[in-house]
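A look at the structure
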There are 2 protein chains.
Amino acid sequence: MSKQFSSVFIREPRPAKTGGLGRAQIVQAAVEILDAEGTQALSMRKLGAKLGAGATSLYWYVANKDQLHELVLDEFWGMVDTPEPEDASWREVLTTFGYNLRETMYAHPWSTDLIGRIPSMGPNAFRITDRLRRSFVQAGFSGIDIYLASGTVMCYVLGQVIPDIAFSKAYGADQLDAKVGIDEQMDQLAAGYPEMLAEYRDQICMDPDVARAMAFDFGLICVLDGLEARLRKARRL
Amino acid sequence: MSKQFSSVFIREPRPAKTGGLGRAQIVQAAVEILDAEGTQALSMRKLGAKLGAGATSLYWYVANKDQLHELVLDEFWGMVDTPEPEDASWREVLTTFGYNLRETMYAHPWSTDLIGRIPSMGPNAFRITDRLRRSFVQAGFSGIDIYLASGTVMCYVLGQVIPDIAFSKAYGADQLDAKVGIDEQMDQLAAGYPEMLAEYRDQICMDPDVARAMAFDFGLICVLDGLEARLRKARRL
DNA sequence: ACCTGAACACCGTTCAAGT
DNA sequence: ACCTGAACACCGTTCAAGT
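Residues numbered from 1 in each chain as written. Chains lettered and ligands numbered in written order. Predicted model: local features only at pLDDT ≥ 70, side-chain atom pairs only at ≥ 80, totals over all residues. Heavy atoms only, no water.

With that settled, consider the relation of the copies chain B and chain A. With an RMSD of 0.0 Å, the fit of chain B onto chain A corresponds to turning through 180° and sliding 0.0 Å along the axis. Interpreted geometrically, this transformation is the action of a two-fold axis. In this assembly the copies share their binding face: 99% of the residues contributing to the interface of chain B also contribute to that of chain A. (Least-squares fit on C-alpha atoms with pLDDT ≥ 70 in both. Contact = heavy atoms within 4.5 Å.)

Structure (C-alpha cells):
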C-alpha cells in the first residue's frame, strides 16, 4: 500500500560464491517450511534459524518479506508442469496445464495466499505464459485474443482452486471429528434454502475428491468449448 | 492449520442489548479500516481503539480474528448486488452478477485476501448461491449441473480479479512514478520473450481499465457460451 | 562482502480481575 | 453480562557494529 513495490527479479541476485546462503538455499528452505507448516509459519526468524543463520542475515539477499514471497511464488510456478505446444493439440495442452496447475496448488496450499498477494513476474511464470501463448497461436487465435484466451483458462483454474483450498484449510482434512461437524453446521447454516441443502446432501454421498474433480472438469470443458466457439466464429469471417 | 475451525455463524451472536458494541458495529468499523488502510492494517488493537474500547473487548463477540474475518467477508458478499432470477434471462442474470462481483471486489480490494483464506458460509453468501441456483434452474440445467454451472461462473470471476488486484496492490495506482517504473521492469523481465513483450506493448497503449474490462468480458462470454453449448447438448438428448 | 545482536514498534490471545 | 490491563510469546525491519 504505502511503500513502492520493487520486484526481486529486477536486479541481479547477490552471488553466492563462498559457502554462504544464496537465494537458492533460502528459497528451498522457505518452501520446506511452507509445505510442512503453512503460510503463517514462515517467519524471517524461523527461516533464518533453519538455515543456521541469524534471523536478519536474510536481508542481505532480499529487501523484505514480500521479495522472499516473490521468489517462493516463482518457485511454485516452476513446479507446474506445462507441456510444449508442439507436442499436442491446443485443447490437450490447456487441459493438461489446467490439471497440473490444480494439482500443484493442492500439493502446496500456501500458493493461494501468495497468488492473491504477490504479482507473478518471475522467469518461471513467464515461461508458462509464453508456452500458453504459443499454444493459442497454434490453435488459430490472433492478436489480443491470444492473451485473452490464455488469461481465461488461467483465471478459471485459479478461481476454482483458491476458494476450495480456503475451505479445506478451515475444515482441515485431518480430523474425522471435523467432517461430522461440517454436516451439522451446514444443516444449521443452510436452513431456509431447502433445495441448496438437498444438493449438498447429494454431493456428500460422493467422495469429496471426486466431487471436486467433477466440478473442475465441468467448468474447464465449458471454458474450452467457449474458446472453441469463438475460434469458429473468427474463422467464418 | 492446527486448531479446529468453527464458523462464527454457527452460534447465535451475543446480543447487543445495552449500548454495548455488538457485532454490527464491530463489522462496520472493521470494514472502514479495511477500506481506508487495507488488510494488514486491521488489527484487533486498532479496531478496539476505533470503537473506543479496550483491544481485548472484541473477544467477547468473536472467538478470534478469523471469526472477525468471517463476519467481514459475509458483509462483503452482502454488498454484491445480485439480480432476482425472475427478472431476466439467465445470461443477463449471470452477466450482471459477474460484473457486480467484479466491481465490488475492486471497490474493496481486501476482499481477495479474505476469499483466499476464509470460507464463505454466511447468510449473504448463501443468499447469492441460491439466486444463482434458481437462475440456472430456469435456464434448464438440472441435477448436479446446476451447482457446477454456478461454480464455473463464480470461479471465473474470482480467478480473473484476484491476481489482478494482487498486481495492483504491488504497483499501487497512486504514483505516476510507478507506471514509468513498470515498463522498464517489464522490458528487463520479459527479455527473451519478444512476442510476449510486443503484446504487452500493444496493451499499454490502451487505458489499463479498458484493457482489464475487455479481458474480463472476453472470458465471461467464453464461459457463458460454454454453458450454453452444454445446455443445447442436454436438450438434444 | 557477509553476518550479527540489540532494539523498535508492533502483533493475537489468555486470563485473572474488575464493575 | 460485559469490559479492562497486564502479560506471554511472538512478529518484520533497522542499524550500528563486527569479521
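Let us look at empty space enclosed by the protein. Picture a little ball the size of a water molecule; that probe, rolled over the atoms, points out where space is still empty. Applying the stated criterion to the full structure yields two cavities of 30 Å³ or more. There is about 70 Å³ of room inside the largest cavity. Lining the largest cavity, in full, are A:Thr112, A:Asp113, A:Gly116, A:Arg117, A:Ile162, B:Thr112, B:Asp113, B:Gly116, B:Arg117 and B:Ile162. Of all the elements in the fold, those that place two or more residues in the lining of the largest cavity are helix H5 (110–115) of chain A together with helix H5 (110–115) of chain B. (1 Å grid on protein atoms, 1.4 Å probe; cavity = no way out; pocket = protein on both sides within 12 Å on 5 of 7 lines; lining within 4 Å. Points joined across faces, edges and corners; volume = space filled by probe spheres on them. Helix = DSSP H or I, 4+ residues; strand = E, 2+ residues; numbered from the N terminus.)

Residue and element names in this part refer to chain A. Looking at the secondary structure, you find Leu47 in helix H2 (residues 44–50). The class of Leu47 is buried, set by a relative accessible area of 0%. For the pair Leu47 and Val27, spaced 20 residues apart in sequence, the C-alpha to C-alpha distance is 9.6 Å. Apart from residues no more than four positions distant in its own chain, Leu47 is found in contact with Ile26, Ala29, Ala30, Ile33, Leu42, Leu58 and Leu68. (Buried < 20%, exposed > 50% of the residue type's maximum accessible area, 1.4 Å probe, protein only.)

To continue, consider helix H9 (residues 194–205) of chain B. Residues and elements named next belong to chain B. Here H9 is 12 residues long and its end C-alpha atoms lie 17 Å apart, about the 16 Å a rise of 1.5 Å per residue gives. When H9 is considered as a whole, its buried residues turn out to be Met196, Leu197, Glu199, Tyr200 and Gln203. Along the long axis of H9, the arc covered by the buried residues comes to 160°, so they all point the same way. Exposed side of H9, more than 90 degrees from the buried face: Pro194, Asp202 and Cys205 are the residues found there. (Expected span 1.5 Å × (residues − 1). Arc of directions from axis to C-beta.)

The immediate surroundings of DNA strand C are formed by 18 residues, with A:Gly54, A:Ser57, A:Tyr61, B:Arg45 and B:Lys65 found nearest. Within 4 Å of the protein, the atoms of DNA strand C are drawn from sugar and phosphate moieties in a proportion of 54%. Side-chain polar atom of A:Trp60 to a phosphate oxygen of DNA strand C: 3.5 Å apart, as the coordinates give it. B:Arg45 is positioned such that a nitrogen or oxygen atom in its side chain is 2.4 Å from a base nitrogen of DNA strand C. Grouping the constituent residues of the surface near DNA strand C by class yields eight nonpolar, seven polar and three charged. (Near = heavy atom within 4 Å. Polar contact = N/O pair within 3.5 Å; in protein donor to acceptor, adjacent residues only side chain to side chain. Nonpolar A, V, L, I, M, F, W, Y, C, P; charged D, E, K, R; others polar.)

Before going further, it helps to examine the nonpolar core. Judged by nonpolar contacts, the single largest core of 145 residues is most densely connected at A:Trp77, A:Leu101, A:Leu227, B:Trp77, B:Leu101 and B:Leu227. Those residues within four positions of B:Leu227 in sequence are excluded, and the remaining contacts are A:Phe218, A:Cys222, B:Trp90, B:Phe136, B:Phe141, B:Ala149 and B:Val153. (Core = buried A, V, L, I, M, F, W, Y, C linked by side-chain atoms within 4.5 Å.)

Given two aromatic rings, their pairing is described by the distance between the two centres and the angle made by the two planes. Within the structure shown, the criterion is met by 14 aromatic pairs over all chains. Aromatic pair B:Trp90 and B:Phe136: ring centres 6.0 Å apart, planes at 45°, arrangement tilted. With B:Trp90 in helix H4 (residues 90–107) and B:Phe136 in helix H6 (residues 123–139), this pair connects stretches of sequence that are 46 residues apart. Looking at B:Phe136, the relative accessible area reads 0%, which means it is buried. Summarising the aromatic geometry, the rings of B:Phe136 and B:Phe141 are spaced 5.4 Å apart at their centres and angled 80° between planes, so their arrangement reads as edge-to-face. The two residues B:Phe136 and B:Phe141 agree in class, both being buried. One aromatic cluster is present, built from ring pairs that chain together A:Phe76, A:Trp77 and A:Trp110. A cation over an aromatic ring shows up here: A:Arg102 above the ring of A:Phe216, its NZ or CZ 5.0 Å from the ring centre. (Phe/Tyr/Trp six-rings, centres within 6.5 Å; stacked < 30°, edge-to-face > 60°. Lys NZ or Arg CZ within 6 Å of the ring centre and 35° of its normal.)

Let us now look at the protein's contact with DNA strand D. Near DNA strand D you find 18 residues, and of these A:Arg45, A:Lys65, B:Gly54, B:Ser57 and B:Tyr61 are the closest. Separating a phosphate oxygen of DNA strand D from a side-chain N or O atom of A:Ser43 is a distance of 3.3 Å. Contact distances for DNA strand D include 2.6 Å between a phosphate oxygen and a side-chain N or O atom of B:Tyr61. Tallied by class, residues from the surface near DNA strand D come to eight nonpolar, seven polar and three charged.

What follows covers the packing of helix H3 (residues 65–79) of chain B against H4(B). When two helices pack together, their arrangement is given by the angle between the helix axes and by the axis-to-axis distance. All names here are of chain B. With their axes 9 Å apart at the nearest point, H3 and H4 run at an angle of 130° to one another. Between H3 and H4, the interaxial angle falls into the category oblique. Along this stretch, H3 crosses H4, giving a crossing that reads as right-handed. Counted together, Phe76, Trp77 and Met79 of H3 and Leu101, Thr104 and Met105 of H4 form the full contact between these two elements. Class assignment for the residues of the contact of H3 with H4 results in five nonpolar, one polar and no charged. (Axes fitted to C-alpha atoms, helices over the stretch in contact; angles between N-to-C directions. Parallel < 35°, antiparallel > 145°, perpendicular 65-115°, else oblique. Left-handed = near helix turned anticlockwise from the far one by under 90°.)

This paragraph deals with the side chain of B:Gln67. Of note, B:Gln67 is situated in helix H3. Not counting the four nearest positions on each side in its chain, B:Gln67 is found in contact with B:Ser6, B:Ser7, B:Val8 and B:Val62.

On the side of chain A, 67 residues touch chain B, which itself brings 68 residues to the contact. When chain B packs against chain A, the two sides together hide about 6200 Å² of surface, and 67% of this comes from carbon and sulfur. At the boundary of chain B and chain A, one finds two salt bridges. For A:Arg133, the salt bridge is made with B:Glu195, and the minimal N-O distance between the two is 3.5 Å. Taken together, the connections running from chain B to chain A amount to one residue pair in polar contact (both at pLDDT 80 or more). If you list the elements that add at least two residues to the side of chain B that touches chain A, you get H5, H6, helix H7 (144–170), helix H8 (176–189), H9 and helix H10 (208–236) of chain B. Within the side of chain B that touches chain A, the residues separate by chemical class into 38 nonpolar, 16 polar and 14 charged. (Buried area = accessible area lost by both parts, 1.4 Å probe. Salt bridge = Lys/Arg side-chain N within 4 Å of Asp/Glu carboxyl O.)

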